[in-house]
Amino acid sequence: MAGRAIAKLQREEARRVACALVLSLPFVILWWACAHAEPMRLTPPSVESAVLKRDVPQEEAQAVAPVPAPVEAQPAPPVIRQKQKYNVVVFGDSLGDGLWAGLYHVLQKDKRFNVIKKSRVATGFSRHDYYDWNKAAHEIAAETKIDIAVVVMGTNDRQPIVQDGQRHALFDSGWREIYRQRVDEFTATLKATGAPVYWMEIPVMRSPRFGGDMQKFNEIFEERAAANGVTFVRTDGLATGADGGYTAYGEDRFGRTRLLRAEDGIHFTMAGYELLGDRIADVVLADIENGAPVAATVKAPPPVNETVVLRDAGANADTVTASAEDKPEKAERYDMAERRPGRSDDWLWLGATN
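This report concerns the structure included in the present document. Being a predicted model, the structure only gives us computed values, none of them experimental.

## Quick word on the packing of helix H5 (residues 133–143) against helix H6 (residues 173–191)
Item 1. Across the interface, H5 lies against H6 with an axial gap of 9 Å and an inter-helix angle of 5°. By the criterion of interaxial angle, the relationship of H5 to H6 is roughly parallel. Of H6, the residues touching H5 (which contributes Trp133, Asn134, Ala137 and His138) are Glu185, Phe186, Thr189 and Leu190.

Below, the structure is given as structure tokens:
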């Protein structure tokens, strides 16, 4: 009886030992594999990546930087966007006001850019007696560093040019010669700062008559842009219908259907101006990727001694400057220029030029 009990205990003990061996076998196998496997190589983050996340003093960066391999053994460095701060200065008329606002919204999260407004409503190249854009550009360049210049102009220029006592009707040969010269002078002043110039095409308009005249201005601007070596940025496909014509509603830059144009059929809502800003931003950012818009070491032109003539400008006399840190002005400011009877920003006035 005692012998059978002892044998039973021995069998139970053997089963417990067998179970323990079976349960411990996976751990033994895992330990063996780890002991004979090649250790994992861990690559520390590069110094360049650390510098992009925080400002590292030069001494600290040199201290943590690994000893570089021989030049012939190093792979080609990746393309890294320049970290230079860019002043993007917007010139133009009331459309320039709106383009500044749209470009500001598009680039406000990119801290490399300060978007600065130097546009002025009711101005253009036709009326030097009201506002001389070339003189203004000299003054602006003397007080503001221009890294990138953006221009949109022409909506106020459907009027005759009076020069040296002679009146030139809209689009006649003398008018065209003087107008081209003024565009060239203005462009040369901007280029003298070393900044690349982006000249935006005037968008499609609701009025066939007004839009036809704007197309003539676009032809002049495109021709002079090519002659002066500046970038002409087209606006085709922006706030247009399937046929390429005017439409008040369309997709905004996020693909949502929105009201894009103001009631006058000329200006835009903020959603529309963001489309224009997005088009300019795409071209500028592509050039930065390729290393194009790096301001040359050209001394800005000295300020002109003559005072810029600005008659009856009222509240528009002060130049408004905004950077990425400033709060953007309300969108309503860019939907419609204030009308002044007989003045260049009175879209209802046809006058003797038509």
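## Focus: the pattern of salt bridges
Item 1. Scanning all chains against the criterion turns up 13 salt bridges.
Item 2. Arginine 224 serves as the salt-bridge partner of aspartate 184, at 2.8 Å between the closest nitrogen and oxygen. Here arginine 224 lies in helix H7 (residues 208–228) and aspartate 184 lies in helix H6, a separation of 40 residues in the sequence.
Item 3. Overlapping salt bridges, with partners in common, bring together Arg180, Asp184, Glu223 and Arg224 in one network.

## Some points on the side chain of asparagine 114
Item 1. By the secondary structure assignment, asparagine 114 is in strand E2 (residues 113–117).
Item 2. Asparagine 114 gets classed as buried once you look at its relative accessible area, which sits at 13%.
Item 3. Among the polar contacts made by the side chain of asparagine 114, one reaches the side chain of asparagine 87 at a distance of 3.3 Å.

## As for the pairing of strand E1 (residues 86–92)
Item 1. The element E1 is extensively covered by neighbouring structure, given that seven of its seven residues are classed as buried.
Item 2. Of the two faces of E1, the one lined by Tyr86, Val88, Val90 and Gly92 and the one lined by Asn87, Val89 and Phe91 are each fully buried.
Item 3. The pairing of E1 with E2 spans five bridges and is parallel. Bridged to valine 89 within E2 is isoleucine 116.
Item 4. Crossover handedness for the path E1 to helix H4 (residues 94–107) to E2: right-handed.

## Structural notes on the packing of aromatic side chains
Item 1. On inspection of all chains with the given rule, the structure shows 19 aromatic pairs.
Item 2. On the numbers, 5.6 Å between centres and 25° between planes, the contact of tyrosine 86 with phenylalanine 113 is stacked. You can see tyrosine 86 sitting in strand E1 and its partner phenylalanine 113 sitting in strand E2, a full 27 residues away along the chain. Exposure class is identical for tyrosine 86 and phenylalanine 113. Each is buried.
Item 3. Both rings, one in tryptophan 199 and one in phenylalanine 221, keep their centres 5.2 Å apart while their planes meet at 35°; by these two values the pair is tilted. Separated by 22 residues along the polypeptide, tryptophan 199 in strand E6 (residues 197–200) and phenylalanine 221 in helix H7 bring together distant segments of the chain.
Item 4. On the accessibility criterion, tryptophan 199 (2% relative accessible area) is buried.
Item 5. Taken together, Phe91, Phe125, Tyr131, Trp133, Phe171, Trp175, Tyr179, Phe186, Trp199, Phe217 and Phe221 form an aromatic cluster joined through their ring pairs.
Item 6. The positively charged end of lysine 117 is found above the aromatic ring belonging to tryptophan 100, 4.9 Å away from the centroid.

## Points about the sheet that holds strand E3 (residues 148–152)
Item 1. Reading across the sheet, the five strands line up as E2-E1-E3-E6-E7 and stay open at both edges, with parallel pairing between neighbours. Of all strands in the sheet, those with a lone pairing partner are E2 and strand E7 (231–233), marking the two edges. Strand after strand, the sheet turns through a mean of 25° between neighbouring axes, direction not considered.
Item 2. Contacts from H6 reach E1, E3 and E6, with the element oriented near 145° to E6.
Item 3. With respect to the sheet, helix H8 (residues 270–289) is in contact with E1, E2, E3, E6 and E7, its orientation differing from that of E6 by roughly 150°.

## A few points about the nonpolar core
Item 1. Residues Phe91 and Phe186 are the most contacted members of the largest nonpolar core, which totals 71 residues.
Item 2. Not counting residues within four places of it along the chain, the set of residues in contact with phenylalanine 186 comprises Phe91, Phe125, Trp133, Asn134, Ala137, Val151, Met153 and Trp199.

Parameters at a glance
- Residues numbered from 1 in each chain as written.
- Predicted model: local features only at pLDDT ≥ 70, side-chain atom pairs only at ≥ 80, totals over all residues.
- Heavy atoms only, no water.
- Axes fitted to C-alpha atoms, helices over the stretch in contact; angles between N-to-C directions.
- Helix = DSSP H or I, 4+ residues; strand = E, 2+ residues; numbered from the N terminus.
- Parallel < 35°, antiparallel > 145°, perpendicular 65-115°, else oblique.
- Contact = heavy atoms within 4.5 Å.
- Salt bridge = Lys/Arg side-chain N within 4 Å of Asp/Glu carboxyl O.
- Buried < 20%, exposed > 50% of the residue type's maximum accessible area, 1.4 Å probe, protein only.
- Polar contact = N/O pair within 3.5 Å; in protein donor to acceptor, adjacent residues only side chain to side chain.
- Pairing = 2+ DSSP bridges.
- Right-handed = clockwise from strand over helix to strand, strands pointing away.
- Phe/Tyr/Trp six-rings, centres within 6.5 Å; stacked < 30°, edge-to-face > 60°.
- Lys NZ or Arg CZ within 6 Å of the ring centre and 35° of its normal.
- Core = buried A, V, L, I, M, F, W, Y, C linked by side-chain atoms within 4.5 Å.

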